[in-house]
Amino acid sequence: MASPLDVCAYRRGRPWWRDAVVYQIYPRSFADANGDGIGDLDGISSRLDYLVELGVDALWISPFYVSPLHDGGYDVADYRDVDPRIGTLADVDALIAEAHRRGLRVIMDIVPNHTSSEHRWFQEVVNSSPDSPSWSRYIIREGKGADHDQPPNNWRSVFHGPGWSRLVLADGTVTDYWYLHLFDDTQPDVDWTNPEVRAEFASVLRFWFDRGVDGFRIDVAHGLAKDPELPDMDYDAMPQTEILGVAPEAPYWDQDEVHTIYREWRKIADEYDPPRILCGETWAPSAERLALYQRPDELHTSFNFDYLAAGWDAERMRSSIDETVDHHLAVGAPPTWVLSNHDVIRHATRFAPTPDGRPVTGPVEVDAEVGLTRARAATVFMLGLPGSVYLYQGEELGLPEVFDLPSEARQDPVWFRTKGEYTGRDGCRVPIPWSGTQPSFGFGPREASWLPQPAAWADLSVASQVGIAESTLEMYRRALAQRRQEPALGEGPMAWLDDSPEGVLALRRFTPDNDQPEVLVVINTTEETTHLPSDYGTDVVVASGLDVAAVSGADGEHLALGPATAVWLRG
Ligand code: NOJ
Ligand code: CA
């Protein structure tokens, strides 16, 4: 008998990850089983049936390791244990078993660019002297100037402020040395030229693979190798944004040496049966550079942030799709698509019109209704693209970004390091509303939630949307169910339909030998109703909204597609 995992092992016998829909769980904000206001592993286990009904293939769970939580768990103090606030190793085992029983894969998050300063390794540094071998696990250099009171170079932290901090020992001695931290000063960067570092992370991968984890999402996958000369950066040439990470040409991103690490990791993943998978959080300067990470002996997939950044702009979406598909084809890897995650403003808000027409990059008043309509359309369109897709918890409920969190609730290091100038990423991490009319809206058994939820979220809860055909949740469910059973969707060929009206993107999806019904994937990004060519047909399989109608015209019936609406049509 086929195991539940084979059921979604995909169309035409391809490996599951090539067109999977992966659902990202930010564990502290998903479901709180014990009522302390912090989401936990038991909470996730208790909601697995919801994910099965939603129709996703795999979960990627953001870090749940032991952590002082200076960066929401991306500051790991022990890579082989679970933070007691989130659960235990036994809870992980139970979660994996229960997920697998339901046909869901489990992807964990590994953070190899930096450890927490509370990690044993960094504690060894601050309790020793420069000749200790422990120092060579991190990027520690003598400071500049006669007193060594200047950092070794001008690199900045992605979270703003200096990228180096002076190394102060546990006994209070201020040393002549500085340690690099591309993120918070509690996240020292490790030195990947040190074989001990490589061996340790290889062993951590095996530790979790042995427990049955199906794969890893790799944090800052493009950042592990640094230019050994540590040259200064030209920051003046860069746009200033909330997150400074998108400095494509930095001497600490996308260095060629990083690929040797993933070749080693791929060998480890391939030792397992079934092989484990690797997905990079890879910010690369071009689709061409990105695809290098997906060469057959490296990572299976990477996030495609260029598409996320294309926003609500048909031309940018189209060129991003073209470049992504072309460069991935060249290395034989499936493209991936993503619109939201725990680091960016939720796409229901990001796509919303603003009073001055500028893109949403921080707190601003938006037209939330139009934002949601666009987000739904963008999702239906994305789910029709070739390859695999990442969804972020709560987007299936149409959750907006929460801009008005009280200062005292905020936790993002970006908020602290900019002294509130940038609000940071807490607004997309507000706990999920499951049911009920009062906070925590079923997030936990009590009212506690580590970030406060807006009162209006009662209407967005899972319970308020289940069974309501026009709800965002039911739209996601329909689209995911349909995608799973359409042989022409997921990985496979696509071709643009170039006769589509201005602001409309239309593509044809078909099976390689064209032996199955085709699907047309169409989005209208304009503010007007658009009339599609009659040869697209009117057989709507999935729609993002209700504003879709077959109308008669001179050359027969055609489809009138409302503003910000996407459909799949039977071709
Ligand atoms: C990327 C993660 O997604 C983000 O949340 C984190 O702050 C940084 N990497 C640093 O680990
Ligand atoms: Ca809890």
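This text goes with the structure placed above it.
Residue indices follow the written sequence of each chain, beginning from 1 at its first position. Each chain is given a letter, starting from A, and each ligand a number, starting from 1, according to the order in which they appear as written. Local features in a predicted model are, by the rule used here, given only for residues with pLDDT of at least 70; side-chain atom pairs are given and counted only at 80 or more, and totals for whole chains, interfaces and linings are based on all residues. As a rule here, side-chain values come from all non-hydrogen atoms in the structure, and water together with hydrogens is ignored.

Novice: Describe the coordination of the calcium ion (ligand 2), with residues and values.
Specialist: With water excluded from the atoms, a metal site may look incomplete; its donors are any N, O or S atoms within 2.8 Å, or within 3.2 Å for Na, K and Ca. Looking at the metal site, the calcium ion (ligand 2) is ligated by Asp32 (OD), Asn34 (OD1), Asp36 (OD), Ile38 (O) and Asp40 (OD), spaced 2.3 Å from it. Between consecutive donors of the calcium ion (ligand 2), the numbers of intervening residues give the motif D-x1-N-x1-D-x1-I-x1-D. As far as the burial class goes, Ile38 and Asp40 line up, both buried. Burial classification: accessible surface area is computed with a 1.4 Å probe over protein chains only, and a residue below 20% of its type maximum counts as buried, one above 50% as exposed, and the rest as partly exposed.

Novice: Please set out helix α7 (residues 258-270) residue by residue, giving values where relevant.
Specialist: In an α-helix, one full turn covers 3.6 residues, which means residues spaced three or four apart are oriented alike. Comment: elements are numbered from the N terminus, with helices defined as DSSP H or I runs of at least four residues and strands as E runs of at least two. Here a helix's expected span is defined as the number of its residues, less one, multiplied by 1.5 Å. The end-to-end C-alpha separation of α7 is 19 Å, in line with the 18 Å expected for 13 residues at 1.5 Å each. By the burial criterion, the buried members of α7 are Val258, His259, Ile261, Tyr262, Trp265, Arg266, Ile268 and Ala269. For α7, the angular spread of the buried residues around the axis is 165°, confining them to a single face. The inward-facing, buried residues of α7 contact β5 (105-110), α6 (195-210), β9 (215-218), β10 (277-280) and α8 (287-292). The arc under discussion is defined with respect to the helix axis, by the directions toward the C-beta atoms. Residue contacts are counted whenever heavy atoms from the two residues lie within 4.5 Å of one another.

Novice: Would you mind going over the pattern of salt bridges in detail, with residue names and values included?
Specialist: Salt-bridge detection follows one rule: a side-chain nitrogen of Lys or Arg within 4 Å of a carboxyl oxygen of Asp or Glu. Enumeration according to the criterion identifies 40 salt bridges in this entry. Linking Arg80 and Glu200 is a salt bridge whose minimum nitrogen-to-oxygen distance equals 2.9 Å. Highlighted residues: Arg80 in strand β4 (residues 78-82) and Glu200 in helix α6, separated in sequence by 120 residues. Among the salt bridges present, the one from Asp356 reaches Arg358, with a minimum N-O distance of 3.3 Å. Each member of the pair, Asp356 together with Arg358, is exposed. Overlapping salt bridges, with partners in common, bring together Asp71, Asp343, Asp412, Arg425 and Arg429 in one network.

Novice: Which residues make up the sheet that holds strand β6 (residues 140-142), and what values go with them?
Specialist: Two strands qualify as a pair provided that DSSP identifies no fewer than 2 bridges between them. In space, the three strands of this open sheet follow the order β6-β8-β7, with antiparallel pairing throughout. The outermost strands of the open sheet, each flanked by one partner alone, are β6 and β7 (164-168). Adjacent strand axes in the sheet meet at a mean angle of 45° when their direction is disregarded. Sheet topology note: the β7/strand β8 (residues 174-180) ladder contains four bridges and is antiparallel. Residue Arg166 lies in a different strand from β8, and its bridge partner there is Trp178. Between N-to-C directions, angles cover 0 to 180 degrees, with each direction set by a line fitted to C-alpha atoms, over the stretch in contact for helices.

Novice: Before we move on, could you go through the layout of surface pockets and cite the residues and values that matter?
Specialist: Using a 1 Å grid laid over the protein atoms alone, points where a 1.4 Å probe fits but cannot get out form a cavity; open sets with protein on both sides within 12 Å along at least 5 of 7 lines form a pocket; any residue with an atom within 4 Å of a point counts as lining. Grid points are joined across faces, edges and corners, and a volume is the space filled by probe spheres set on the points. By volume, the second largest pocket is sized at about 360 Å³. In this structure, the second largest pocket is lined by 19 residues; those nearest its centre are Thr349, Ala368, Pro400, Glu401 and Leu460. Classification used: nonpolar for Ala, Val, Leu, Ile, Met, Phe, Trp, Tyr, Cys and Pro, charged for Asp, Glu, Lys and Arg, polar for all others including Gly. Taken together, the residues that form the lining of the second largest pocket break down as 12 nonpolar, two polar and five charged.

Novice: Can you explain the site of ligand 1? Please cite residues and give values.
Specialist: Consider each residue's heavy atoms; a residue with any of them within 4 Å of a molecule or strand counts as near. The full set close to ligand 1 counts 13 residues, and Asp71, Asp219, His342, Asp343 and Arg425 are the nearest of them. Take His114: an N or O atom from its side chain is 3.0 Å from an oxygen atom of ligand 1. A distance of 2.8 Å separates an oxygen atom of ligand 1 from a polar side-chain atom of His342. Using a 1.4 Å probe, accessible areas were evaluated by the Shrake-Rupley method; residue-level cover was limited to the displayed protein chains. When the free accessible area of ligand 1 is taken as 300 Å², the share hidden by the protein chains comes to 98%. Looking at the shell around ligand 1 residue by residue, the class counts come to four nonpolar, two polar and seven charged. Whenever a nitrogen or oxygen atom comes within 3.5 Å of another N or O atom, the pair is scored as a polar contact, on the condition that within protein one atom can donate a hydrogen and the other can accept it, and that pairs from neighbouring residues in sequence are kept only if both atoms are in side chains.

Don't take any of this as a statement about function, it's just geometry.
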